[in-house]
Amino acid sequence: MHAWPARRHGRASAAVILLGTLMASSARAASLAVPPQGKRALLAWLKAGTYQTTFTPEPEPHASMSAHGPYVRTWYSPMLTEDLRAGRIPFRKGAAMVKELYLRGPDEPPVGYSVMRKLRSRSRLTGRGWLFYETFDGTNDAVSFGRGLAVCTGCHRTGVDYLRSAFRP
Ligand code: HEC
């Protein structure tokens, strides 16, 4: 008789611990699925190839349409992939893209990266809802970085909520 409540309590707390662990690990997975907001952490995250475990890539590097020089391959975050599949525009906070810049040709490793990350669902006319980042040499020395960055929004504002690529997963 007396053993029951104790056992039930034991099971309940085991379930709570399990749930807690699951929630913590899915929070970790979710935080890995967006590029960090600081440029140092972001560069380290790019170089570690962290996005490759959760992002959806274009099949292979291809000739770039414009400013991003000769060959590129773009990866979409899980949130952006979901939004595109659902036809949801504007994209939600957490939508993000990583574009690998293959400056030495499609068969050599990427040298640079362009990144966009949505910080708010509202992009605003100036694109302040988006964080932009671009390095052509894989360092932060001459990096383009900031919210609603004019050098980026000039072209990107003509896209679908600032997305220019025609790739649809
Ligand atoms: C001259 C126009 C132009 C400028 C300037 C420009 N982009 Fe792009 N960008 C494009 C086009 C066109 C694409 C899609 C086609 C391609 O991949 O070449 C693209 C693609 C991207 C992508 C992949 C996601 C997407 O929207 O398709 C990212 C990320 C990106 N650009 C980041 C940036 C950043 C960061 C800057 C500013 C430092 C920037 N771009 C400046 C034209 C531009």
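Remember, it's a predicted structure, so these values are computed and weren't measured experimentally.

Procedures and definitions
- Residues numbered from 1 in each chain as written.
- Predicted model: local features only at pLDDT ≥ 70, side-chain atom pairs only at ≥ 80, totals over all residues.
- Helix = DSSP H or I, 4+ residues; strand = E, 2+ residues; numbered from the N terminus.
- Buried ≥ 20, exposed ≤ 12 C-beta atoms within 10 Å, placed from the backbone.
- Contact = placed C-beta atoms within 7 Å.
- Near = placed C-beta within 6 Å.
- Nonpolar A, V, L, I, M, F, W, Y, C, P; charged D, E, K, R; others polar.
- Core = buried A, V, L, I, M, F, W, Y, C linked by C-beta atoms within 7 Å.
- Pairing = 2+ DSSP bridges.

A. The overall build of the chain, seen in detail. When helices and strands are counted, the chain shows 4 helices and 7 strands. Mapped from its N terminus to its C terminus, the chain presents α and β elements in the order α-α-β-β-β-α-β-β-β-β-α. Relative to its 169 residues, the chain shows a buried fraction of 30%. Considering only intrachain contacts with a sequence separation of at least 6, the fraction spanning at least 24 residues in the chain is 46%.

B. Spatial organisation of the site of the ligand. Around the ligand, 26 residues are found, and the nearest of them are Ser 114, Cys 152, Cys 155, Arg 164 and Ser 165. Going through the elements one at a time, strand 3 (71-76), strand 4 (96-102), strand 5 (112-118), strand 6 (130-135) and helix 4 (150-156) are the ones with two or more residues in the shell around the ligand. A total of 5 residues in the shell around the ligand trace back to one element, the largest contributor, which is helix 4. Among the residues making up the shell around the ligand, the classes are represented as 13 nonpolar, 10 polar and 3 charged.

C. Geometry of unusual backbone geometry. Omega for the bond connecting Ile 89 with Pro 90 falls within 30 degrees of zero, at -5°, which places this linkage in the cis form. Examined against the element boundaries, Pro 90 turns out to sit in the loop between helix 3 (78-86) and strand 4. The phi dihedral of Asp 161 is positive, around 45°, even though this residue is not glycine. Tracing the sequence through the fold places Asp 161 in the segment after helix 4. We classify Asp 161 as partly exposed; it has 19 C-beta atoms within 10 Å.

D. Here's a closer look at the nonpolar core. Leu 80, Met 97, Val 98, Val 115, Met 116 and Phe 132 are the most contacted members of the largest nonpolar core, which has 30 residues in total. Breaking this core down by element, the ones donating at least two residues are helix 2 (39-47), strand 3, helix 3, strand 4, strand 5 and strand 6. At 5 residues, strand 4 tops the list of elements feeding residues into this core. The contact partners of Val 98, leaving out residues within four places of it in the chain, are Pro 35, Leu 46, Tyr 51, Phe 55, Trp 75, Tyr 113 and Val 115.

E. Broad picture of the pairing of strand 4. Counting buried residues along strand 4, 7 of its 7 residues qualify, which places the element largely inside the surrounding structure. Side chains of strand 4 alternate between two faces, with Ala 96, Val 98, Glu 100 and Tyr 102 and Met 97, Lys 99 and Leu 101 buried alike. By the bridge criterion, 6 bridges tie strand 3 to strand 4 in an arrangement that is antiparallel. Across the sheet, residue Tyr 71 finds its bridge partner in strand 4, namely Tyr 102.

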